[in-house]
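Topology and contacts: notes
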Amino acid sequence: MSQRRLGTAALALGIVVLTDVLRVFLPSVITIFGQAASTPAELLGAFAVGWFVLALAAPALVARVGPATVGVTAALVLGAARLALTAAPGGRAQLWLASAGLFAGLVWLAATAARVAHPLPGLVLGLTASALGHALLGTYDLVWWERWPAWVASVAVVAALLATETALGRGRSATLPVDGAGPPVDDHAPPNRRAWLLVGPALLLGGMVALSPAVAISAMSYWYGEAGTAAPPPFALAPLGVAAPLFLLGALTPVRPRWRAVPPVLLLAGALLFGYGPPTLLTFAILASAAGLGGCLGLAADGPSSQRAVRTGTGPAYAVVGGMLVFAVAALVYYAAYDLGYPNEWVPAVVAALTGVVAMRGVTASGGHRPSPGEPAPGLPQRRLAVLAAVVALAAAWLHGPWLVASNRGGPPERVRLVAYNIRMGFGLDGRLDLTALDRAVGRADVVVLSEVDRGWLLNGGHDTLGLLAARLGMPYVFAPAADPLWGDAVLSRWPVQRARTRPLPAVGAPTGAQALGVTVDLSAGVRLAVVSTHLQPPPGADPVVQARAVADFATGYADGAPLVVAGDLNTEPGDPAFTAFTSAGLVDALAAARPLPTSPADDPHEQIDHVFVSPDLTAADAAAVPGTASDHLPVAVTLTLPDR
């Protein structure tokens, strides 16, 4: 294999492994370093961004030691950390392994940038392969599987990365002195700093919207919901079957001069739709941003680099580390808004605009031409790759439908077992995404009310936690967004549901949004049960009484005389004003017989903040808080006897 193609293969494989590590590092910062939201957001951000700042020393290390030695060593540490994460039991070991893997990945990127002139093919293939692999896994990473197939696949990818890195390093040592002087190994072509600068923004925009399987699932689910809610769609991953080919074609197909402004405009439009558009337009945000991001990467590859970059190779190394710092800062600014309470919709749009500017500057600097014949970029069969990407994505869509169907199960029951659970985006106190533990905590429930449901936040690893849990339980869901289209509350039911409605709640100074989701469970033969799921967000230092009154008013009006349940993480204790707001509305504490019933924190519960309220015609029994650490809350369960018909 030529050095040029070795560089492409090594970069693609490294992007896949680095992305795997990022999907563990980011949620580990929140759930392990963050200690169940008790750590200030500023300290969390400093810890996360600090690793990217530290990597700014990597280009100097590469210049001093040599890119071949640094690249192979960093790839070895990256691969070892990735494999160790598969075996890690969670906790601080997971946090530090992920941090070490991230830092090694950043150093590896700097070394790769110093010796691979054309990052576009490897970057595009790596981003696409990572997205399609995540789709085939249903967004449930191999790291969390704890089964032998995860080891086989992980070892194969890491071994391939180390093999290509070693071969690339040998070729480099034959043509480049150890101090890093001389031309890069990639066919002695000048490296492109602009393309390397966009690695970080591409990882951010791809992971947040353009190439995220979980976001594609969420986008499709809004087409099957009603009144702003979402429900399980067939072929949930179908948007990725279009987005991935658009991304590949946009990046690898030369753009005619008069159309070169189209990719930046598409990328910006997709980012604006993602930030400001309604959930039903999320599909269009994915497609526009995928096509635009690919096109911008292709345009950036047009631009030449300075002679200093050609001589030392440090220019691209600084560019790629700087671009990854943009990734870290933009992700921090976007997601910290949900703790600090400022608008964040503009963040993806700003990153998209900056990406477009860098791409267009590359075109301007090169006079609108691709690299000359003396500076060849590795050719790829873009049409065949696009078709292959579409086939893989559609196969994943068929494999992970989800094919969830509810039925009336032979007539109305006398009793319904209901569980209310704040699942903390699916991550337990040990920082691991453990679907088995979540399934065990829910048990044999008939109706499940969930709070803090994540459907694709990059911060939490880009998983569709709701879809994964619903498929495991075999229960269809209704989801309502609270903070944004990807984070909110849900109701799962073994019986069909009707009349899904969601109402935003007053913010009253709370940084994170809140809503009330009402669904009507059809128990057949005219028997109905109204269920309202909510997660109250108290203003700083105050009780969420204003939101509680809004929920009680919405719930009683929504039920319209039918038996009613209101449940969720209400962030209020018995006797507090918000708690009293529900009882004053005529609802009954369904957990009263089991009080005190603390639910938070899960490892040492002493706060009673998760509740179930019912209308007086429902009889509650067997109330319990189920022990476990699959979340930072304990689920509360209660059996409800329906009124005589």
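Conventions adopted
Residues numbered from 1 in each chain as written. Predicted model: local features only at pLDDT ≥ 70, side-chain atom pairs only at ≥ 80, totals over all residues. Heavy atoms only, no water. Helix = DSSP H or I, 4+ residues; strand = E, 2+ residues; numbered from the N terminus. Rg over C-alpha atoms; globule rule 2.2 N^0.38 Å. Buried < 20%, exposed > 50% of the residue type's maximum accessible area, 1.4 Å probe, protein only. Contact = heavy atoms within 4.5 Å. Areas by Shrake-Rupley, 256 points an atom, 1.4 Å probe, with all protein chains shown as cover. Lys, Arg positive; Asp, Glu negative; His and termini not counted. Charge placed at Lys NZ, Arg CZ, Asp CG, Glu CD. pLDDT = per-residue confidence, 0-100. Axes fitted to C-alpha atoms, helices over the stretch in contact; angles between N-to-C directions. Left-handed = near helix turned anticlockwise from the far one by under 90°. Nonpolar A, V, L, I, M, F, W, Y, C, P; charged D, E, K, R; others polar. Pairing = 2+ DSSP bridges. Right-handed = clockwise from strand over helix to strand, strands pointing away. Salt bridge = Lys/Arg side-chain N within 4 Å of Asp/Glu carboxyl O. Phe/Tyr/Trp six-rings, centres within 6.5 Å; stacked < 30°, edge-to-face > 60°. Core = buried A, V, L, I, M, F, W, Y, C linked by side-chain atoms within 4.5 Å. Polar contact = N/O pair within 3.5 Å; in protein donor to acceptor, adjacent residues only side chain to side chain.

1. What to know about the overall build of the chain
Regarding its fold elements, the chain presents 21 helices and twelve strands. By the compact-globule yardstick of 26 Å for 645 residues, the chain fits well, its C-alpha radius of gyration being 26 Å. If one aligns the C-alpha atoms of the chain with their principal axes, the spans along those axes are about 85 × 45 × 45 Å. In the chain, buried positions account for 60% of the 645 residues. Pairs at least 24 apart in sequence give 79% of the contacts found in the chain among residues at least 6 apart. When the accessible surface of the chain is totalled, it reaches about 22,600 Å², and 64% of it is carbon and sulfur. Where the 38 positive side-chain charges of the chain centre and where its 39 negative ones centre are 15 Å apart.

2. What to know about the confidence of the model for the chain
One rule of thumb: low pLDDT means the predicted coordinates there are not for detailed reading. Scored by pLDDT, the chain has a mean of 90; 91% of the residues are at 70 or more. Segment residues 172–183 is flagged for pLDDT under 50; beyond a separation of four residues in sequence, or across chains, it makes 28 contacts in the model. Scored below 50 in pLDDT, residues 366–377 shows 22 contacts in the model against residues more than four places distant or in partner chains.

3. Digging into the packing of helix α5 (residues 91–113) against helix α15 (residues 314–340)
At a minimum axis distance of 7 Å, the contact between α5 and α15 shows a crossing angle of 145°. Viewed along their axes, α5 and α15 form a crossing whose handedness is right-handed. In contact with Leu106, Leu109, Ala110 and Ala113 of α5, α15 contributes Pro316, Ala317, Val320, Val321 and Met324. Partitioned by chemical class, the residues of the contact of α5 with α15 number nine nonpolar, no polar and no charged.

4. Brief notes about the pairing of strand β7 (residues 528–535)
Extensive coverage of β7 is indicated by the burial of seven of its eight residues. Of the strand pairs in this sheet, strand β6 (residues 515–522) and β7 are connected by seven bridges, and their pairing is antiparallel. Bridged to Leu517 within β7 is Ser533. In textbook terms, the turn of a hairpin is the stretch between consecutive antiparallel strands, and for β6 and β7 this stretch comprises five residues, one of which, Ser524, has a positive phi near 80°. Bridge count for β7 against strand β8 (residues 564–569) is six bridges, and the pairing is parallel. Bridged to Thr534 within β8 is Gly568. Following the chain from β7 across helix α20 (residues 545–559) to the adjacent parallel β8, one finds a crossover that is right-handed.

5. Thoughts on the pairing of strand β3 (residues 477–484)
Here β3 lies mainly inside the structure; six of its eight residues are buried. As judged from the six bridges shared by β3 and strand β4 (residues 487–493), these two strands associate in the antiparallel manner. Counted as the bridge partner of Val478 is Val491 from β4. Counting the residues between successive antiparallel strands, the hairpin from β3 to β4 contains two residues.

6. Some words on the pattern of salt bridges
Applying the stated criterion to the full structure yields twelve salt bridges. Linked through salt bridges whose partners overlap, the residues forming this network are Asp20, Arg23, Arg82 and Asp141.

7. Digging into the packing of aromatic side chains
Tallied over the entire structure, the rule returns 17 aromatic pairs. Their ring planes at 70° and their centres at 6.3 Å tell us that Trp51 and Trp96 sit as a pair that is edge-to-face. With a gap of 45 residues between them, Trp51 in helix α2 (residues 41–54) and Trp96 in helix α5 connect regions that are remote in the sequence. Take Trp51: its relative accessible area is 17%, and that puts it in the buried class.

8. A few points about the nonpolar core
Grouped together as the largest cluster of nonpolar side chains are 152 residues, with contacts concentrated most on Phe25, Phe52, Leu102, Tyr421, Leu450 and Leu492. Per-element accounting of this core gives the leading share, 13 residues, to helix α1 (residues 3–33). Counting 32 residues, the second-largest nonpolar core is a separate cluster that includes Val521, Leu523, Leu529 and Leu642.

9. Comments concerning the side chain of Ser154
Positionally, Ser154 belongs in helix α7 (residues 148–175). On the accessibility criterion, Ser154 (3% relative accessible area) is buried. A polar contact is formed between the side chain of Ser154 and the side chain of Arg82, at a distance of 2.9 Å. A distance of 2.7 Å separates the side chain of Ser154 from the backbone oxygen of Ala150, its partner in a polar contact. Contact partners of Ser154, with chain neighbours within four places excluded, come to Arg82, Leu83, Thr86 and Leu142.

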